[in-house]
Amino acid sequence: TPETALKNQVKQYLSYKKFFVFPILQSLGAYKGIPDLVAIRKDTGVIFLEIKRPGGKQSLHQRQFQANVEAHGGRYLLIRSIEDLTGAGL
C-alpha cells in the first residue's frame, strides 16, 4: 500500500540520519491512537510519527494522542510524504 511504502521510506531515511527508529504494532490492548513509529536521537529526543497516505486523516484517538504528547512537551509529526520529514528539520 502507499502508506506501507511511505512508512518504509521514513524508517530508511531516519536510520540513515542515525535515529533509533522502531514501529509500534497495534494489537488488542494497545493504547488508542498510538502512532506508527517512534524515532529517538540524542540531540533531538523522542519523536512520535503517524504515517498517513496522501489525503489520509487522523482518527479522533490519534488527534487526542497528538494533543497529549504535545501538551507534555513531546514532539509528534504527521507524515504524508518524505518532504514532511525534511520540512520538519530532520
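Worth saying up front: this structure is predicted, and the values here are computed from it rather than measured.

What counts, and at which threshold
- Residues numbered from 1 in each chain as written.
- Predicted model: local features only at pLDDT ≥ 70, side-chain atom pairs only at ≥ 80, totals over all residues.
- Heavy atoms only, no water.
- Salt bridge = Lys/Arg side-chain N within 4 Å of Asp/Glu carboxyl O.
- Buried < 20%, exposed > 50% of the residue type's maximum accessible area, 1.4 Å probe, protein only.
- Pairing = 2+ DSSP bridges.
- Helix = DSSP H or I, 4+ residues; strand = E, 2+ residues; numbered from the N terminus.
- Axes fitted to C-alpha atoms, helices over the stretch in contact; angles between N-to-C directions.
- Contact = heavy atoms within 4.5 Å.

Draft legend 1. Structural view of the pattern of salt bridges. Applying the stated criterion across every chain yields a total of three salt bridges. Arg41 serves as the salt-bridge partner of Asp43, at 2.6 Å between the closest nitrogen and oxygen. By relative accessible area, Asp43 is classed as exposed at 58%. Here Lys52 ties to Glu50 by a salt bridge, and the two come within 3.7 Å at their closest N and O atoms. Accessibility expressed as a relative area gives 11% for Lys52, which makes it buried. Overall, Glu50 belongs to the buried group, its relative accessible area being 2%.

Draft legend 2. How the structure looks around the sheet that holds strand E3 (residues 45–51). Pairing is mixed across the open sheet formed by four strands, whose spatial order is E1-E2-E3-E4. Single-partner strands in this sheet number two, and they are strand E1 (20–23) and strand E4 (75–79). For this sheet, the mean inter-axis angle between neighbouring strands, taken without regard to orientation, is 20°. Across five bridges, E3 lies against E4 in parallel orientation. Looking at the pairing, Leu49 lines up with Leu77 of E4. Against the sheet, helix H1 (residues 2–16) engages E1, strand E2 (37–41), E3 and E4, with an angle of about 160° to E3. In this fold helix H2 (residues 60–71) packs onto E3 and E4, with an angle of close to 145° to the strand it touches most, E4.

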